[in-house]
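# Structure assessment
Listed below, chain by chain, are the residues.
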Amino acid sequence: MAKQILVTGGTGYIGSHTVVELQEKGFDVVIVDNLSNSKIEVLDNIEKITGIRPAFEKFDLSERELTDAFFQKYPNIDAIIHFAAFKAVGESVQKPLEYYRNNMGSLMNLLECMNKYKVPHMVFSSSCTVYGQPDVLPVTEETPRKEAESPYGNTKAICEDIMRDYCASNESVNCIALRYFNPIGAHPSALIGELPVGVPNNLVPFITQTAAGLREELSIFGDDYDTEDGTAIRDYINVVDLAKAHVVAIDRMLSGKSKANYEYFNVGTGSGYSVMQLVKAFIEVNKVELNYKIVDRRAGDIEKIWADTTYGNNELGWKAEKTLEETLASAWAWEKNVRGLK
Ligand code: NAD
Ligand code: UD1
């Protein structure tokens, strides 16, 4: 019988791509999402891609009784991939309690249910934000974490610690935290992708919306960093590659290959690109015009970060495969599809 995977936040950006990859590998997927940052229509598009409509339950995972009732209704879940969380850095500074309650409360409810309903495995969405501005680049999994720059970043660090401590106390629970670098792009079908609410905070959605005419001009935050062209450097990972890393992590746990019952891995490409390199690549690959100007640095931004992926590549047998060009083309194809542009 197919293994059944609960994907929390499965109608969201990374979750929806992961549902597709799971279904294509023969897993039976159940999504839980409260639609606080995604749309129910995503289910139609997942179905268009894979031919399978995933089971869907709408509720808030920070509600303990509702979470408990879910596991009573679905007694055969084999593993969980936990994406559901609030993720806007700026908003987390304005509303810290909402972020702590949602992000930590949901994780703790799931961990308690894993114990109660004998669901041994969980993959958790962490972030390279836990490294802050590292002293040495690229960052390996051995690189020390730094004090978080925002309540959002702090929820990721605390959630990692909660999993570490809970796994230490309970041998039958097995968790893997994946520390994502900067996920970008969309499914090659252009049927699912990132759909930010309001003005995008992240670079690539801002670029695609500017190219589509929704925004007048992209602001590049700072050109006086200590990098070749002065703009900040990140490790941009294709969202489909990232989705596949989750399937590999699930396989690792289900086949008993984990080396400890709490593990964490960097999920990036191993290459850093500057904002200016990315903007120029977008213009060139997609043959579009893009207005941009240089403005002051954005508060809280780090100068440069990219992953050393050696450990993850070797242990998981997974590697990011898509090129930056392919990824930027997929981001533009998705934006055009959403806006009905040719
Ligand atoms: P997203 O907002 O598109 O998806 C998250 C989904 O979770 C949304 O559909 C939202 O409606 C749902 N959700 C939130 N709180 C919920 C709750 N209490 N109960 C039920 N559903 C809830 O975000 P994403 O970009 O797909 O990110 C997924 C995960 O990856 C998040 O944990 C995020 O912090 C983490 N992450 C994202 C990035 C990134 O750049 N996108 C980078 C690092 C880590
Ligand atoms: C941010 C968060 C990170 C989170 C991630 C995904 C911060 C400090 N970090 O990462 O914790 O996991 O989003 O939500 O907020 N840029 C511009 N112009 C723009 C937008 C961005 O120049 O309009 C630049 C930024 O300064 C940065 C790069 O583009 O150098 C990438 O920015 P962004 O996409 O927001 O991601 P991060 O800041 O790396």
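What comes next concerns the included structure. None of the values given here were measured: they were computed from a predicted structure. (Residues numbered from 1 in each chain as written. Chains lettered and ligands numbered in written order. Predicted model: local features only at pLDDT ≥ 70, side-chain atom pairs only at ≥ 80, totals over all residues. Heavy atoms only, no water.)

### Comments concerning the overall build of the protein chain
Across its full length, the protein chain holds 11 helices and 13 strands. Whereas a compact globule of 342 residues would reach a radius of gyration of roughly 20 Å, the protein chain reaches 19 Å, a difference of no more than 12%. Principal-axis analysis of the C-alpha atoms places the extent of the protein chain at approximately 55 × 45 × 40 Å. Going through the 342 residues of the protein chain one by one, you find that 52% of them count as buried. (Helix = DSSP H or I, 4+ residues; strand = E, 2+ residues; numbered from the N terminus. Rg over C-alpha atoms; globule rule 2.2 N^0.38 Å. Buried < 20%, exposed > 50% of the residue type's maximum accessible area, 1.4 Å probe, protein only.)

### Notes on the sheet that holds strand 6 (residues 174-180)
The strand order across the open sheet formed by seven strands is 3-2-1-4-5-6-11, and the pairing between neighbours is parallel. Each having just a single partner strand, strand 3 (55-57) and strand 11 (262-267) make up the two edges of the open sheet. Between one strand and the next, the sheet's axes are offset by a mean angle of 20 degrees, whatever the strand orientation. Two elements, strand 5 (residues 121-127) and strand 6, share seven bridges in a ladder whose sense is parallel. Paired with Ser127 across the bridge in strand 6 is Tyr180. Seen against the sheet, helix 6 (residues 151-169) touches strand 5, strand 6 and strand 11 and runs at an angle of roughly 150 degrees to strand 5. (Pairing = 2+ DSSP bridges. Axes fitted to C-alpha atoms, helices over the stretch in contact; angles between N-to-C directions. Contact = heavy atoms within 4.5 Å.)

### Describing the pairing of strand 5
Counted residue by residue, strand 5 has seven buried out of seven residues, so it is predominantly covered. Strand direction decides the pairing type here: strand 4 (residues 79-82) and strand 5, joined by four bridges, are parallel. Paired with His82 across the bridge in strand 5 is Phe124. Handedness of the strand 5-helix 6-strand 6 crossover: right-handed. (Right-handed = clockwise from strand over helix to strand, strands pointing away.)

### Quick notes on the state of the cysteines
One pass over the structure, following the stated rule, counts zero disulfides. Lacking any disulfide linkage, Cys113 is separated from the closest cysteine sulfur, that of Cys175, by 13 Å. Exposure remark for Cys113: the relative accessible area of 3% places this residue in the buried category. Distance from the sulfur of Cys175, which forms no disulfide, to the nearest cysteine sulfur (Cys167) is 3.7 Å. (Disulfide = S-S within 2.5 Å.)

### Describing the environment of Cys128
Of note, Cys128 is situated in the loop between strand 5 and helix 6. On the basis of relative accessible area, Cys128 is assigned to the buried category, the value being 9%. Separated by 177 residues in the primary sequence, Cys128 and Ile305 place their C-alpha atoms 8.5 Å from one another. The residues contacting Cys128, other than those within four sequence positions of it, are Arg179, Tyr180, Phe181, Asn182 and Ile305.

### Details of helix 1 (residues 13-24)
Residues lying three or four places apart along an α-helix face the same way, a consequence of the helix completing one turn every 3.6 residues. Compared with the 16 Å implied by 1.5 Å per residue over 12 residues, the 18 Å span of helix 1 between its first and last C-alpha is a close match. With respect to burial, helix 1 is a largely interior element, 11 of its 12 residues being buried. Tyr13, Ile14, Gly15, Ser16, His17, Thr18, Val19, Val20, Glu21, Leu22 and Gln23 are the residues of helix 1 that are buried. The positive-phi residue at the C-terminal boundary of helix 1 is Gly26, with phi of around 90 degrees. (Expected span 1.5 Å × (residues − 1).)

### Points about the site of ligand 1
The immediate surroundings of ligand 1 are formed by 27 residues, with Asp33, Asn37, Ser38, Lys87 and Asn102 found nearest. With respect to ligand 1, the backbone of Ser36 contributes an N or O atom lying 3.0 Å from an oxygen atom. Contact between ligand 1 and Ser38: an oxygen atom at 2.7 Å from a side-chain N or O atom of the residue. Against a free-state accessible area of 810 Å², the protein chains account for coverage of 95% of ligand 1. Broken down by secondary-structure element, the contributors of at least two residues to the shell around ligand 1 are helix 1, helix 5 (96-116), strand 5 and helix 6. Partitioning the shell around ligand 1 into residue classes produces 11 nonpolar, 12 polar and four charged. (Near = heavy atom within 4 Å. Polar contact = N/O pair within 3.5 Å; in protein donor to acceptor, adjacent residues only side chain to side chain. Areas by Shrake-Rupley, 256 points an atom, 1.4 Å probe, with all protein chains shown as cover. Nonpolar A, V, L, I, M, F, W, Y, C, P; charged D, E, K, R; others polar.)

### Description of the nonpolar core
Core analysis: the largest hydrophobic core is formed by 37 residues, its most contacted members being Ile5, Leu22, Leu178 and Ile250. Listing elements by their share of this core, those giving two or more residues are strand 1 (4-8), helix 1, strand 2 (28-32), helix 2 (42-50), strand 4, strand 6, helix 8 (239-254) and strand 11. The element that contributes the greatest number of residues to this core is helix 8, accounting for eight residues. Apart from residues no more than four positions distant in its own chain, Ile250 is found in contact with Ile5, Phe27, Ala79, Ile80, Ile81 and Val123. By size, the runner-up hydrophobic cluster in this structure holds 27 residues, among which are Tyr74, Met114, Phe124 and Ala177. (Core = buried A, V, L, I, M, F, W, Y, C linked by side-chain atoms within 4.5 Å.)

### Quick look at the side chain of Asn45
Positionally, Asn45 belongs in helix 2. The exposure class of Asn45 is buried, given its relative accessible area of 18%. Polar contacts involving the side chain of Asn45 include one to the main-chain carbonyl oxygen of Leu191, which spans 3.3 Å. Look past the residues within four positions of Asn45 in its chain and what remains in contact with it is Leu191 and Ile192.

### Topic: helix 6
When the terminal C-alpha atoms of helix 6 are compared, their 26 Å separation across 19 residues agrees well with the 27 Å that a helix rising 1.5 Å per residue should span. Looking at the buried positions of helix 6, the neighbouring elements they touch are helix 4 (89-94), helix 5, strand 5, strand 6 and strand 11.

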